[in-house]
Amino acid sequence: MNFTAQPGRWNRREFLRTASAATLGALAAGYPAQLPADAADENVRATADTVIVLWMGGGMAHTETFDPKQYTPFEKGLDPNRVLSTFPAIDTAVDSIKFSQGLEKMAAVMDRGTLIRTYTAGDLGAILHSRHQYHWHTGYAPPQTVAAPHIGAVVARTLGPLNPAVPAFIDVGQRFDLGEGEELKAFHQAGFLGSEFGPFAIPNPEDAAAAVRPPEGMSPSRFQNRDEFYKRLVAHSPIGELAGDHQKQSLLRSLQNAHRLLSSPAAKAFDLSLEPKESYDRYNTGRFGLGCLLARRLAEVGARFIEVTTEYIPFKNWDTHDNGNTRTRELKAMIDAPVAQLVLDLESRGLLNRTLIVLASEFSRDMMMEGRPGQTVKDQVHVPQVIDELKYYGMHRHFTGAGCVLLFGGGTRRGFLYGKTADARPCKTVENPVVIEDLHATIYRALGISPKLAYQIERRPFYVTRDGLGLPILDCFAAA
């Protein structure tokens, strides 16, 4: 089913070439039949109906956010080997859990959450953000012989929509016309499952309302004519001419779904101008904060899977290759209030118990180490022997030996800490490592989906966790 990645081999061009080949293969694929899981797995009781993924694209340093270590303040002449955390630790609502400074509002709602400190990113050869993000979102390391579906597409295909008028999979905040847009497209799709299960993309939450209404001044009859004209264009496009019958029908169903949304009362959920100003302002830290507000409104009308991203752009946002401390301070201000408010709002509306919030990143960061102990990878960032400038103070290199995942709601435990990392460099996982198969199995379990569920493609099973081996972290769930 999958090729074996060779350390140092894969670069941007090879990633795109193999992803494109798999996508072309998906066009010709037939209907992917669902294969039954073991009877015991099929009887798992769902504890959540909706998943909201809050994606910190670019590599969020665990020791600067949810797993603080010894704090070393900046001073000229500082030895970088001494620096583990550039922010002091703060208390949370749970006595045994500390966060780092700048996350005070999230710290105040930690008594509603479960914190995993030991997510261990896969060994994928040379560390490329797009490859690790592909791995996180699909559960499979690229390249694949088939176009692997995004976890949101798997959920959409397996469970269907909660509200027939609302897209089951909605992606908020990521643009594809800058940076590594083509690499990101490789996993922001439904792959062999079919277009109807792919993401309804909203690059800017402030423009969400425009995405679900006809253009200004267009009459219903003209809009219907345009819809029919678009179907004819699709029929003469490469998809219409080259794709198999399943993919063609799936694309047409996706168009029908979008058309149904435009005429539904649920479309109002996309219009942030309808939110009371006081509530709007609580979320408004920028595009990500408003994305969290949009996610709450969409959860209220029955969206099944929503991803909101801080947006991955090379060397921007969490991709902190320089000015790590300064930029992380700004990023915390971007996420702290809206994430906490999302938790509180869902709770006050009686939705948190059935909504699983997952905050995660593709890997972590460290000042001195690239990769993880014992893993030889190319060093991509220069750190001087002595720190004389603030721009070198912070977490720059890619670190895959540990990372944090924060869970709220959806049947998970409240005020719970899972896993332990070392207090000295390298601040790696030392107890209860979590790999992507197990994290996905945990998300699927909340939704009542077996990690052994598979779809047949190319006459072989494609499991929703790699080879069906994912094991849910049962300790993270509250007792029934």
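Before going into details, it helps to say that this report is about the structure given with it. Please read these numbers as outputs of a predicted model, since none were measured by experiment.

The rules we used
- Residues numbered from 1 in each chain as written.
- Predicted model: local features only at pLDDT ≥ 70, side-chain atom pairs only at ≥ 80, totals over all residues.
- Heavy atoms only, no water.
- Helix = DSSP H or I, 4+ residues; strand = E, 2+ residues; numbered from the N terminus.
- Buried < 20%, exposed > 50% of the residue type's maximum accessible area, 1.4 Å probe, protein only.
- Contact = heavy atoms within 4.5 Å.
- Areas by Shrake-Rupley, 256 points an atom, 1.4 Å probe, with all protein chains shown as cover.
- Expected span 1.5 Å × (residues − 1).
- Bend = angle between axes of the 7 residues up to and from the residue.
- Core = buried A, V, L, I, M, F, W, Y, C linked by side-chain atoms within 4.5 Å.
- Phe/Tyr/Trp six-rings, centres within 6.5 Å; stacked < 30°, edge-to-face > 60°.
- Pairing = 2+ DSSP bridges.
- Axes fitted to C-alpha atoms, helices over the stretch in contact; angles between N-to-C directions.
- Parallel < 35°, antiparallel > 145°, perpendicular 65-115°, else oblique.
- Left-handed = near helix turned anticlockwise from the far one by under 90°.

**Re the overall build of the chain**
- Within the chain, the regular secondary structure consists of 14 helices and 17 strands.
- The buried share of the chain, reckoned over its 480 residues, is 57%.
- Intrachain contacts of the chain at a sequence separation of at least 6 include 78% that bridge at least 24 residues.
- Summed over all atoms, the accessible surface of the chain reaches about 19,600 Å², with 51% contributed by carbon and sulfur.

**Some points on helix H13 (residues 324–348)**
- The end-to-end C-alpha separation of H13 is 36 Å, in line with the 36 Å expected for 25 residues at 1.5 Å each.
- Maximum bend of H13: about 25 degrees, positioned at isoleucine 335, with proline proline 338 one to four residues after it.
- Across the 25 residues that make up H13, a large majority, 18, are buried.
- Just beyond H13, the residue with positive phi is glycine 350, at close to 75 degrees.

**Side note on the nonpolar core**
- Ranked by internal contacts, the top residues of the largest apolar core, which has 56 residues, are Leu54, Phe66, Phe99 and Met106.
- What methionine 106 contacts, discounting residues up to four positions off in sequence, is Phe66, Phe99, Ile335, Asp336, Val339, Ala340, Leu359 and Leu406.

**Description of the packing of aromatic side chains**
- Using the criterion set out here, one finds nine aromatic pairs in the structure.
- With a centroid separation of 6.3 Å and 85 degrees between ring planes, the pair formed by tyrosine 134 and phenylalanine 187 is classed as edge-to-face. Of this pair, tyrosine 134 sits in helix H4 (residues 129–138) while phenylalanine 187 sits in the loop between helix H6 (181–185) and strand E7 (200–202), and the two are 53 residues apart along the sequence.
- A relative accessible area of 0% places phenylalanine 187 in the buried class.
- Plain terms: the ring middles of phenylalanine 416 and tyrosine 418 are 6.5 Å apart, the flat faces sit at 45 degrees to each other, and that makes the pair tilted.

**Examining the environment of alanine 46**
- As for its position among the elements, alanine 46 is in the loop between helix H2 (39–42) and strand E2 (50–55).
- Separated by 365 residues in the primary sequence, alanine 46 and glycine 411 have C-alpha atoms spaced 8.5 Å apart.
- Sequence-distant contacts of alanine 46, defined by excluding residues within four places in its chain, comprise Arg354, Arg445, Ala446, Leu447 and Gly448.

**Digging into the sheet that holds strand E12 (residues 405–408)**
- If you walk across this open sheet you meet the eight strands as E7-E6-E8-E2-E9-E12-E5-E13, and the pairing is mixed. One side of each edge strand has no neighbouring strand; the edge strands of this open sheet are E7 and strand E13 (416–418). Averaged over all pairs of adjacent strands, the angle between strand axes in this sheet comes to 15 degrees, irrespective of strand direction.
- Here strand E5 (residues 113–116) runs beside E13; their pairing, made up of three bridges, is parallel. Among the inter-strand pairings, leucine 115 is bridged to a residue of E13, identified as leucine 417.
- Docked against the sheet, helix H12 (residues 287–300) engages E2, strand E6 (169–172), E7 and strand E8 (305–309), running at close to 170 degrees with respect to E8.

**Considering the packing of H12 against H13**
- Closest axis-to-axis distance for the H12/H13 pair is 8 Å, and the angle between their directions is 15 degrees. Taken together, the axis directions place H12 and H13 in an arrangement best described as roughly parallel. Here H12 runs over H13; the crossing is right-handed. Of the residues in H13, those in contact with Phe288, Gly289, Cys292, Arg296 and Ala299 of H12 are Met334, Ile335, Pro338, Val339, Leu342, Asp345 and Leu346.

**Details of the pairing of E6**
- Where burial is concerned, the two faces of E6 agree: the one with Phe169 and Asp171 and the one with Ile170 and Val172 are both buried.
- Alignment of E6 against E8, held across four bridges, turns out to be parallel. Opposite phenylalanine 169, over in E8, you have phenylalanine 305 as the bridge partner.

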